[in-house]
Amino acid sequence: MCAVNAVHAQKIITIEDSSARFNFLSPEEFEIGGIRVQGADNFDHKGIILISGFRIGEKIKIPGESISNAIKSLWKEELFSDIQIEVEKERAGTVYLIIKLSPLPKLSRFMFSGINRREADKIREEIALFSGKTITENLVFQTNNKIRGYFREKGFYGVEVFISREKDSLINNAELFRINIKKGLKIGIKKINITGNSSVPNWKLKWAMKDTKQRGIFTIFNRSKFTQSSFEKDKELLLSKYNKIGLRDAEIIHDTVYKLDAKNLIIQIVINEGEKFYFGDIEWIGNTKYRSSYLDTILGIKKGDLFNKTLLQTRLNGSPEGRDISSLYMDRGHLFFNVFPIETNVNKNYINYQIRIIEGKEARNGTITVRGNTKTSDHVIIREIRTKPGDLFNKADIMRTQRELSQLGFFNDQAFQVNPMPNPEKGTVDIEYVVEEKSSDQIELSGGYGGAGVNTGPRIIGTLGLTFNNFSTKKIFKKEAWSPLPGGDGQRLSIRAQSNGTFFQSYTFSFTEPWLGGKKPTSLSYWINHTAISNGRFLRSNPSYSGVGITGTGISLQKRLKWPDDYFMNSYELSYQYYDVLNYTVFPNLTKGYANDIALKYTLQRSSVSAPIYPQSGSNFLLSLKGSFPYSLFEDRDYTNSSSQERYKYLEYFKIKFTGEWYLPLTPDKKLVLMPRFGFGFMGAYNKSKGVTPFDRFSMGGSGLTGIGQIGGREIIALRGYEDQSISSFGGDPIIAKYTLELRYPISLNPSATFYAMVFAEAGNTFPNFQKFNPFNVKKTAGVGIRVFLPMFGMLGLDYGLGFNKLDYWSEGFGKASDSSISTKGFYPKLTFTIGMNLGEL
C-alpha cells in the first residue's frame, strides 16, 4: 500500500491506494469518478460536496490547488474541527474521493452563576447564545468579552468571567457552558488629574468629557464609571476645547488609568498645548450668486480671529441659528450646493483658507408626500407643511414644517423623518415626511383634597375630565369612524366636571376648530362653564345658606400673523360671566348680590418653542389686554357712597399681563435645558369711586391646583414652597410679579411616557396697590421637581420647595399666614402636586 500525506494546518490531504502512483514533483490530471462524505452524519452531504467545489466528471490535478481550495472552503464554514480529503482509489485516470469530517460540538444549554435573574436575562440578550449553536474558540472568546463589556459599562471594572465547557451526556457531540461571573465591587473614577494645561481651566476640560466623569455633585445624571471606548471619545472632546481657542496642535502626550483601591480609579492626563494659531486670509472661489464681501459677513470670521475649525465648519455647513453659508444657498433653492474649505498655507501661525463653492442649479419641490399617519387626516398635515410643489427648495421651510407638526401634539417628536429625494436631471426634489402617531387624547380621573366649600374646611374633590385633541365633527355620522370616537381633523373637544357633593360643583365644556374654513390658520374656540360653591345648604331660601354661583361663556378667534414674522399670533375673545353671591365672604366688598362681567380680551403672542412637551430651544412671549366696557364714564355719578350691588352690577376693569420665557440648551445634545421665565400682571379701574372689581384678582401661593380659586372668581398663580394662596390678601390682589428659573434634564423622551427632572428657584409676590408695589419685594423659594407626561392623563408634576421669606400683612386684607397652622418665620418646606402643562402660571 502506498500513502502520501499533504498537511495544511489542521486540514489533511491523504492519498491512499496500493495501485495508485502520484508524483508530487510532476502533478497529473485526473477525472473525478465519485465523491463520498464521511463523519458528518447530521449534515447535508450534497451541500458539503457543493461547498467543496468538486463535481463528478470534473478534471483536477493531483497534487494541485483544487484540493487545497476545497479544504479552505469547508474550513471557512467554521463547522468542523478536522478536515481530510482522501483518494479512495484510482482506475485508468479516474479517482474516487472521500471527504472525512470531524464536526465541531454544538451548544446544548448554558447557565449562569454569581449574578441575579434580572442580570442573567439582560446578558442573554447581549451574548445571543442558543441551543444548537456551533461552538468555536472564537465563540467562547466573544461571549467572555461581551459579558465583561456589559458589566464594565455598569461600573464593574474588575469583573471576571469563567466559561467552563462540559460534555453533555444526553446529546451526542454537544457541550454545555457553565458561565461563572465574579462582578467584584463597582469601581468609579475618584479623580481625573490633568497637567500641562494653562489656557483652559481643569473644570472646563473635565466638563467637556461627556461620559468619563469623576465622582462629585455633577454626576447625578452621568454616573462615574470608566469604559475604554468612552475614554477615547472623551479625549477627542477634551482636545476640541483647545482647538476652539486656536491651539490646534494640542495633544495628549501621555494618559494612564490605574486603580487607587478596590473601589476607585485614578486617570492621569498630560497635555502639550502647542502654539496658538489664527485665521488668515479667506478667499472665495466659485461664488456667482453672492459677492465675496457678503459671504464674509455671513461667515463672521475675520483675519486675526483665533483659529477654530469647528466654528468654521459650523458657519459653512450647519449653524443652529441658520447663520451659515449652506443654509444661505439651500434656503434659496440650491439643493445641490457644496462647499469645501481648503487650507492653502500657514504663515507665521496665520492659517489661510480658500473656500471653494459649487453652487449647483436651483431645484424646485416636486411631489410632497406624507407617510405614517394612521389616524390624522392628510389635509391636517398638509396644511401645516411649508414646502409646496413647484416652489424653490427651502431648507428653512422643512425645519419649520417639522416644528409645526410637532406643535400639533399628534406625533412622536423623536420619530419624525424627512426624506428628500433629489432628481438632478429634472432639477427637482421630491420630499417625503414620515410621522408616527401617538395618543393625544387625555382622561382625567382623580381625587383631590382642598377647601372647596364655604366655611366647611377641606374636603375630597372628585374630578372627571375628557379631552379629545384630534377630534372630527365631520365624521360624527360615519359609523366606521367611531373607534372609539371620530378623530383625525385636529379639532379639540373638552368636557370636565368636578364635585364633592353639595358643597362644590363645576362643569366646563369647550370646543376648538384650529383652521376655520380650512384655508387659513385661524382658530375658533367656544367655551361655557358653570360653578356652584356653597356651605352645603340646598336651598338659597335657607337663612343659613352661603355660596356663589358663576355661569360663563365665551368665544375667541385666533390668527397666525405674517408680520413681524410668522411666529406671531393674536387672538380676540368676547366673554360673559354672571356672578350670583349670597352671604359669601371670599370676595371683598360684595358678600350679597349679583354682577355681570362682559369683557373683551386681546392677546399678542410670539412662540418659537421647539416642542410642546419638552422644549429644547426657542422662546415664548405673551401680552394680554382684557377690559370691560367703561359704563360709568358715560354717567355723571359718584359711586363712593353707593351700595356694593350698585357698584358691581356691571363690572368695570382692565387687566394687563406680560409674560416671557426662554429655553436655552446648555449641552451639545440639547438635553440639559435652562428655562428662565418672568411675568407681570396689573388690574385697574376706570372709575376711582367704583374701585377695582372684587373678581378675577391674582392670588398666589402653592401649586395653583386648588378647588375654588381659578373657577371661583380668582386667578390662582403657583409659588412652590408656600401654602396655597398664602402670599396674597384673602380676596386676591390686583398686582403681581413672578420670576422663575428652572434647570431641566430629561430622564425619558419616549412619547408614551415622557418625564424629566428639574431644580428650580422662584420668586413672586402680589400687591394691593401701586404704593406697595416693588418688583424686588418678593417671596423666594427653591427646590426640586419632576414632570411626567402620559398621553392619557397629560402633564403630572411633583415638586418639593422650600420657601425662604416670612409673609406680609396688607392693610386691605389678611394673608393666609394669619392662620396659626402656618409659620411666619420663613423656611416653608412644601410638597406640591400639579396637573396640566401651564397650570398656575400667569
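Please refer to the structure higher up on the page.
Here the structure is a predicted model, which is why all the values come from computation and not from measurement.

What counts as what
Residues numbered from 1 in each chain as written. Predicted model: local features only at pLDDT ≥ 70, side-chain atom pairs only at ≥ 80, totals over all residues. Heavy atoms only, no water. Helix = DSSP H or I, 4+ residues; strand = E, 2+ residues; numbered from the N terminus. Buried < 20%, exposed > 50% of the residue type's maximum accessible area, 1.4 Å probe, protein only. Contact = heavy atoms within 4.5 Å. Areas by Shrake-Rupley, 256 points an atom, 1.4 Å probe, with all protein chains shown as cover. Lys, Arg positive; Asp, Glu negative; His and termini not counted. Salt bridge = Lys/Arg side-chain N within 4 Å of Asp/Glu carboxyl O. Polar contact = N/O pair within 3.5 Å; in protein donor to acceptor, adjacent residues only side chain to side chain. Core = buried A, V, L, I, M, F, W, Y, C linked by side-chain atoms within 4.5 Å. Pairing = 2+ DSSP bridges. Axes fitted to C-alpha atoms, helices over the stretch in contact; angles between N-to-C directions. Expected span 1.5 Å × (residues − 1). Phe/Tyr/Trp six-rings, centres within 6.5 Å; stacked < 30°, edge-to-face > 60°. Lys NZ or Arg CZ within 6 Å of the ring centre and 35° of its normal. Arc of directions from axis to C-beta.

**Q** In this structure, what is going on with the overall build of the chain? I would like to understand it.
**A** Secondary structure assignment for the chain yields 12 helices and 36 strands. Every one of the 842 residues in the chain was classed for burial, and the buried ones make up 46%. For the chain, restricting intrachain contacts to residue pairs at least 6 apart in sequence, the fraction spanning at least 24 positions comes to 61%. Summed over its atoms, the accessible surface of the chain is roughly 42,600 Å², and 54% of this surface lies on carbon and sulfur atoms.

**Q** I keep staring at the side chain of Glu 90 and nothing clicks. Help me out?
**A** Checked against the element boundaries, Glu 90 lands in strand β5 (residues 80-91). The buried charged residue Glu 90 lacks any salt bridge partner; its closest oppositely charged side chain belongs to Arg 91, at an N-O distance of 5.9 Å. A polar atom in the side chain of Glu 90 sits 3.0 Å from the backbone nitrogen of Gly 93.

**Q** Quick question: what am I supposed to make of the nonpolar core here?
**A** Across soluble globular proteins, you tend to see nonpolar side chains buried next to one another. Residues Ile 48, Phe 54, Ile 62, Ile 85, Leu 97, Ile 99 and Leu 101 are the most contacted members of the largest nonpolar core, which totals 22 residues. Elements with a minimum of two residues in this core: β3 (28-38), α1 (45-52), β4 (59-62), α2 (65-76), β5 and β6 (94-103). Leaving out residues up to four positions away in the same chain, Ile 48 has contacts with Val 37, Ala 40, Phe 43, Leu 74, Phe 80 and Leu 101. Within the second largest apolar cluster, 21 residues are counted, among which are Phe 110, Leu 129, Ile 147 and Phe 151.

**Q** Got a minute to help me understand the sheet that holds strand β15 (residues 350-358) in this structure?
**A** Note on sheets: strands pair through backbone hydrogen bonds, and any given pair is parallel or antiparallel. The sheet built from three strands is open, its strands ordered β13-β15-β14 with mixed pairing. One side of each edge strand has no neighbouring strand; the edge strands of this open sheet are β13 (278-285) and β14 (338-347). Sheet twist, expressed as the average angle between the axes of neighbouring strands with direction ignored, equals 25°. Both β14 and β15 contribute to a ladder of nine bridges, which runs antiparallel.

**Q** Which parts of the structure should I look at to understand the environment of Glu 175?
**A** Among the structural elements, Glu 175 can be located in strand β9 (residues 174-182). For the pair Glu 175 and Ile 135, spaced 40 residues apart in the sequence, the C-alpha separation amounts to 8.2 Å. Excluding residues that lie within four positions of it along the chain, Glu 175 makes contacts with Pro 105, Lys 106, Leu 107, Ser 108, Arg 109, Ile 135, Arg 165, Glu 166, Lys 167 and Asp 168.

**Q** Is there a simple way to explain the environment of Asn 583 in this structure?
**A** Here Asn 583 is to be found in the loop between β25 (568-582) and β26 (592-607). Here Asn 583 falls in the partly exposed class, since its relative accessible area comes to 36%. Distance in space between the C-alpha atoms of Asn 583 and Tyr 545 is 7.2 Å, their sequence separation being 38 residues. Among the polar contacts listed, one links the side chain of Asn 583 to the backbone oxygen of Tyr 545, at a separation of 2.9 Å.

**Q** Honestly, helix α11 (residues 395-408) in this entry has me stumped. Any pointers?
**A** Every α-helical turn comprises 3.6 residues, leaving residues that sit three or four positions apart pointing alike. Taking 1.5 Å of rise per residue, the 14 residues of α11 would be expected to cover 20 Å, and the 21 Å separating its terminal C-alpha atoms lies within 8% of that figure. Of the positions making up α11, those classed as buried are Ile 398, Arg 400, Thr 401, Arg 403, Glu 404, Leu 405 and Ser 406. Structurally, α11 contributes buried residues whose contacts are with α10 (378-382), β17 (417-423), β18 (428-434), β24 (547-560) and β26. Measuring from the backbone nitrogen of Ala 396 back to the side-chain oxygen at the start of α11 gives 2.8 Å, which picks out Asn 394 as the cap.

**Q** Quick question: what am I supposed to make of the pairing of β25 here?
**A** The two faces of a sheet get side chains in turn, since along a regular strand they alternate between them. Bridge count for β24 against β25 is 14 bridges, and the pairing is antiparallel. Bridging from a neighbouring strand, Ser 556 pairs with Glu 573 of β25.

**Q** What is the right way to look at the packing of aromatic side chains in this model?
**A** Pairs of aromatic rings are described using the distance from one ring centre to the other and the angle between the two planes. Evaluated as defined, the whole model comprises 32 aromatic pairs. Pairing Phe 621 with Trp 662 gives two aromatic rings, centres 5.2 Å apart and planes at 80°, and the pair type is edge-to-face. Here Phe 621, found in strand β27 (residues 618-628), pairs with Trp 662, found in strand β28 (residues 654-665); they are 41 residues apart in sequence, far enough to count as distant. You can call Phe 621 partly exposed: its relative accessible area is 25%. Judged by centre distance (4.8 Å) and plane angle (40°), the ring pair of Phe 682 and Phe 770 falls under tilted. Taken as a pair, Phe 682 in strand β29 (residues 673-684) and Phe 770 in the loop between β33 (754-767) and β34 (779-790) lie far apart in primary sequence, 88 residues in all. The positively charged end of Arg 400 is found above the aromatic ring belonging to Tyr 567, 3.8 Å away from the centroid.

**Q** Got a minute to help me understand α2 in this structure?
**A** Spanning 12 residues, α2 covers 16 Å between terminal C-alpha atoms, matching the ideal 16 Å at 1.5 Å per step. Those residues of α2 lying buried are Ile 67, Ser 68, Ala 70, Ile 71 and Leu 74. For α2, the angular spread of the buried residues around the axis is 160°, confining them to a single face. Opposite its buried face, α2 presents the exposed residues Glu 65 and Lys 76, each directed more than 90 degrees away. Positive backbone phi, at 55°, marks Glu 78, one or two positions downstream of α2.

**Q** How should the pairing of β15 be read in this particular structure?
**A** Alignment of β13 against β15, held across six bridges, turns out to be parallel. Opposite Ile 282, over in β15, you have Tyr 353 as the bridge partner. Once β14 ends, the chain turns through two residues before running back antiparallel as β15, passing Lys 348 with a positive phi of about 55°.

**Q** Just checking my understanding: could you explain the sheet that holds strand β16 (residues 364-371) for this structure?
**A** Strand order in this open sheet of three strands is β16-β18-β17, and the pairing throughout is mixed. In this open sheet, the two strands that pair with only one neighbour each are β16 and β17. Sheet twist, expressed as the mean angle between neighbouring strand axes with direction ignored, is 20°.

**Q** Would you take a moment to explain the pattern of salt bridges for this structure?
**A** Summed over the entire model, instances satisfying the criterion amount to 39 salt bridges. Between Glu 86 and Lys 100 there is a salt bridge, with its nearest N and O atoms 3.0 Å apart. Remark: Lys 100 occurs in strand β6 and Glu 86 occurs in strand β5; sequence separation between them is 14 residues. Given the relative accessible area of 24%, Lys 100 is considered partly exposed. For Glu 715, the salt bridge goes to Lys 655, with nearest N and O atoms at 2.6 Å. Taken together, the positions of Glu 715 in strand β31 (residues 714-717) and Lys 655 in strand β28 put the pair 60 residues apart, joining distant regions of the chain. Accessibility classification places Glu 715 together with Lys 655 in one group, the buried group.

Just distances and angles here, no functional claims.
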